[in-house]
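Now for the letters of each chain:
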Amino acid sequence: MLHFSHFAGSRIHVGLTGSVACYKILDLCRELLSNDIWISASLTEAGSRFVTTDSLRALGVSPILSSLFEDPDHSFPHLEPAQQADVLLVAPATANFLAKMAWGLADDILSTQVLAFSGPTVAAPAMNPNMWQSAATQSNVATLRERGVTVLEPEAGDVACGEVGKGRLPEVKEIEYNVLRALAPRDMEGMRILVTLGPTREHLDPVRYWSNPSTGKMGAAMATAAWLRGAEVHCVCGPCAVDLPHGIPTTSVQTAQQMYEACTDLWPHQDMACLCAAVCDFRPAYSYTDKIKKDRVPEGEMNFSFAPNPDILYTLGRNKKPFQRLIGFAAETGKNLESEARIKLDRKNLDWIVANRVDRESGGFASEENSVLVLGGAGHADHLGNETKSEIAWRLWDLILRS
Ligand code: C5P
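The rules behind each value
- Residues numbered from 1 in each chain as written.
- Predicted model: local features only at pLDDT ≥ 70, side-chain atom pairs only at ≥ 80, totals over all residues.
- Heavy atoms only, no water.
- Helix = DSSP H or I, 4+ residues; strand = E, 2+ residues; numbered from the N terminus.
- Buried < 20%, exposed > 50% of the residue type's maximum accessible area, 1.4 Å probe, protein only.
- Contact = heavy atoms within 4.5 Å.
- Right-handed = clockwise from strand over helix to strand, strands pointing away.
- Pairing = 2+ DSSP bridges.
- Phe/Tyr/Trp six-rings, centres within 6.5 Å; stacked < 30°, edge-to-face > 60°.
- Lys NZ or Arg CZ within 6 Å of the ring centre and 35° of its normal.
- Near = heavy atom within 4 Å.
- Polar contact = N/O pair within 3.5 Å; in protein donor to acceptor, adjacent residues only side chain to side chain.
- Areas by Shrake-Rupley, 256 points an atom, 1.4 Å probe, with all protein chains shown as cover.
- Nonpolar A, V, L, I, M, F, W, Y, C, P; charged D, E, K, R; others polar.
- Patch = residues over 30% accessible without salt bridge, like charges linked within 9 Å, V, L, I, M, F, W, Y side chains within 5 Å.
- Salt bridge = Lys/Arg side-chain N within 4 Å of Asp/Glu carboxyl O.
- Domains from an automatic or database assignment.
- Buried area = accessible area lost by both parts, 1.4 Å probe.
- Arc of directions from axis to C-beta.
- Expected span 1.5 Å × (residues − 1).
- Axes fitted to C-alpha atoms, helices over the stretch in contact; angles between N-to-C directions.
- Disulfide = S-S within 2.5 Å.

1. Section: the overall build of the protein
Then, in step 1: Each helix and strand in the protein was counted, giving 13 helices and 20 strands.
Then, in step 2: Counting across all 403 residues of the protein, residues that qualify as buried make up 50%.
Then, in step 3: Considering only residue pairs separated by 6 or more positions, the protein has 69% of its internal contacts joining residues 24 or more positions apart.

Written as structure tokens, this is what we have:
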């Protein structure tokens, strides 16, 4: 999961209702606390049967409320989240609790808090699949969504009662993404952004390929940060394993040619494109349909010739409309980082280029951290150094939005 320091000091109130999935919320609390976010919690009576106040307290969650009465430290416990929290999260949210939220019932600690809270609210349902599909629950969910509550879709799979269907608590990281989105500024609302990420693979035969070590981390960080800030993001991903919020549609590709086709289709509908993918500039001129056998290679020496791949960034730059903005990345070796990057900025008709060295121990491919040089038109130059890729992504968007 990505960490953005922007959220440090924010406050989330978590309401846990009666589901066996309550234990997963402990992981969520740990993850949010490690982002320096303050967490307080309320447990319904049924929720407190599945997780204890002690386990939440041991993680650093405070305060933890479980009764409307009998709590000498809190005179108005039903109002506290409304006064202090930035986001209210109900997770797990049972069918019963969603019904209470939809109907405005206020007969326990958490339902009164929800009713008194006017800020962004997120609910992560968990229940038996029939209960989720029932007309009553679906109608309650629709009512809540109409009122602006973010009700996540439960996951499909095995549920605790032994049935299979849609009703599992959404994955912890998906809940976290949505909570962070509710906390984030909406300064990219309505922007349509294309992001490419990962390597491409150019096959020599069905079992061997030519590629590079890109992991897609920088692109995933750019895409996630933009989505958290309200943008509509579409990712075109080369083969790599990255976690992206479900709210980001993705097109998976293998080769540069496939990436080129996906991007040129999407580009006319975008406000911005941010091409982070490490595209192979060349592909084998000939790709064998059967595996190349070593005993058939004369004297054990293999020779390949390579043909150029299309330059996606250059093509988008050539077809850029006046309202569109284009951001390129450049992975370089050697000392001429700035001059090499400036040549690309001009030649590919970019608004921004983000250049980094990939020949050092830290930074570059597969690393969690990066140091980048950011060049813009009109001689703009900035250096963002020794930070996590998620932090760099957040600050890059700050820079780009400010220009
Ligand atoms: O020229 P160079 O390959 O260094 O440029 C890197 C930038 O161009 C990156 O943003 C990369 O995603 C993009 N690129 C591309 N198509 C290629 C090669 C690179 O879009 N064939």
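2. Topic: the pairing of strand β1 (residues 11-16)
Then, in step 1: Extensive coverage of β1 is indicated by the burial of 5 of its 6 residues.
Then, in step 2: In this region the chain leaves β1, passes through helix α1 (residues 22-34) and returns to the parallel neighbour strand β2 (residues 38-43); the handedness of that crossover is right-handed.
Then, in step 3: Taken together, the 4 bridges between β1 and strand β4 (residues 87-93) define a ladder with parallel strand orientation. The residue bridging G15 from the neighbouring strand is V90, located in β4.

3. Things to note about the packing of aromatic side chains
For any pair of aromatic rings, the description consists of the separation of the ring centres together with the inter-plane angle of the planes.
Then, in step 1: One pass over the full model with this rule turns up 5 aromatic pairs.
Then, in step 2: On the basis of an interplanar angle of 75° and a centroid distance of 6.4 Å, the ring pair of F4 and F7 is categorised as edge-to-face.
Then, in step 3: Their ring planes at 50° and their centres at 5.3 Å tell us that F4 and W394 sit as a pair that is tilted. Here F4, found in the segment before β1, pairs with W394, found in helix α13 (residues 389-402); they are 390 residues apart in sequence, far enough to count as distant.
Then, in step 4: On the basis of relative accessibility, which here comes to 4%, the residue W394 falls in the buried class.
Then, in step 5: Members of the aromatic cluster, each reached through a chain of ring pairs, are F4, F7 and W394.
Then, in step 6: Stacked on the ring of W38, the Lys or Arg R11 has its end atom at 4.9 Å from the ring centre.
Then, in step 7: Stacked on the ring of W394, the Lys or Arg R229 has its end atom at 4.5 Å from the ring centre.

4. Points about the site of the ligand
Then, in step 1: Within the structure, the ligand sits among L275, A277, V279, D281, P310, D311, I312, L313, G328, F329, K344 and K348.
Then, in step 2: Measuring from an oxygen atom of the ligand, one finds a backbone N or O atom of A277 at 2.7 Å.
Then, in step 3: One nitrogen or oxygen atom from the side chain of K344 is found 2.5 Å from an oxygen atom belonging to the ligand.
Then, in step 4: About the coverage of the ligand: the protein hides 89% of its 450 Å² of free accessible area.
Then, in step 5: At the level of elements, α11 (312-318) and β17 (325-332) are the ones that each hand at least two residues to the shell around the ligand.
Then, in step 6: Residue classes in the shell around the ligand are distributed as 7 nonpolar, 1 polar and 4 charged.

5. Points about a nonpolar patch on the surface
Then, in step 1: Taken together, W210, F282, Y286, Y288, M302, F304 and F306 make up a surface patch of nonpolar side chains, about 680 Å² in accessible area.
Then, in step 2: Turning to its location among the elements, M302 is positioned in the loop between β15 (282-284) and β16 (306-308).
Then, in step 3: Judged by its relative accessible area of 38%, M302 is partly exposed.

6. Observations concerning the domain arrangement of the protein
Then, in step 1: Domain assignment breaks the protein into domain 1 (5-183) and domain 2 (192-402).
Then, in step 2: Domain 1 and domain 2 are separated by 38 Å when their C-alpha centres are compared.
Then, in step 3: Each side of the interface is counted separately: domain 1 has 10 residues, and domain 2 has 12 residues.
Then, in step 4: In total, about 970 Å² of surface goes out of reach between domain 1 and domain 2, with carbon and sulfur atoms giving 55% of it.
Then, in step 5: Taken as a group, E174, Y177 and R181 account for 58% of the area that domain 1 buries against domain 2, more than any other trio of residues on that side.
Then, in step 6: The interface formed by domain 1 and domain 2 includes 5 residue pairs in polar contact (both at pLDDT 80 or more).
Then, in step 7: Counting residues per element, the side of domain 1 that touches domain 2 draws most heavily on helix α8 (residues 172-183), at 6 residues.
Then, in step 8: Split into classes, the residues belonging to the side of domain 1 that touches domain 2 amount to 3 nonpolar, 3 polar and 4 charged.

7. A word on helix α12 (residues 337-347)
Then, in step 1: Listed in full, the buried residues belonging to α12 are L337, A341 and L345. The arc that holds every buried residue of α12, seen down its axis, measures 60°, which confines them to one face. Seen from the open side of α12, the exposed residues pointing more than 90 degrees away from its buried face are I343 and D346.
Then, in step 2: Elements in contact with the buried residues of α12: β17, β18 (352-357) and β19 (369-376).
Then, in step 3: Immediately downstream of α12, the backbone of N349 shows phi near 55°, a positive value.

8. What to know about α8
An α-helical turn contains 3.6 residues, so a residue and the one three or four places further along point in the same direction.
Then, in step 1: Between the first and last C-alpha of α8 there are 17 Å, a value that for 12 residues agrees with the 16 Å anticipated at 1.5 Å per step.
Then, in step 2: Burial in α8 covers these residues: E174, I175, E176, Y177, N178, V179, L180 and L183.
Then, in step 3: On its buried face, α8 is in contact with β1, α1, β4, β5 (121-125), β6 (150-151) and α9 (217-228).

9. Comments concerning the sheet that holds strand β14 (residues 272-275)
Then, in step 1: Across the sheet, which stays open at both edges, the 8 strands sit in the order β13-β12-β9-β14-β17-β18-β19-β20 with mixed pairing between neighbours. Both edges of this open sheet fall to β13 (250-252) and β20 (381-388), since each of them pairs with a single strand only. Across the sheet, the axes of successive neighbouring strands diverge by a mean angle of 15°, strand direction being ignored.
Then, in step 2: Pairing of strand β9 (residues 192-197) with β14, which is carried by 4 bridges, proceeds in the parallel orientation. By the bridge assignment, T196 is partnered in β14 with L275.
Then, in step 3: Contacts from α9 reach β9, β12 (232-237), β14, β17 and β19, with the element oriented near 160° to β9.

10. Overview of the state of the cysteines
Then, in step 1: What the rule picks out here adds up to 0 disulfides.
Then, in step 2: Between C29, a cysteine without a disulfide, and C22, which holds the nearest cysteine sulfur, the sulfur-to-sulfur distance is 10 Å.
Then, in step 3: Distance from the sulfur of C235, which forms no disulfide, to the nearest cysteine sulfur (C237) is 5.0 Å.
Then, in step 4: Take C235: its relative accessible area is 0%, and that puts it in the buried class.

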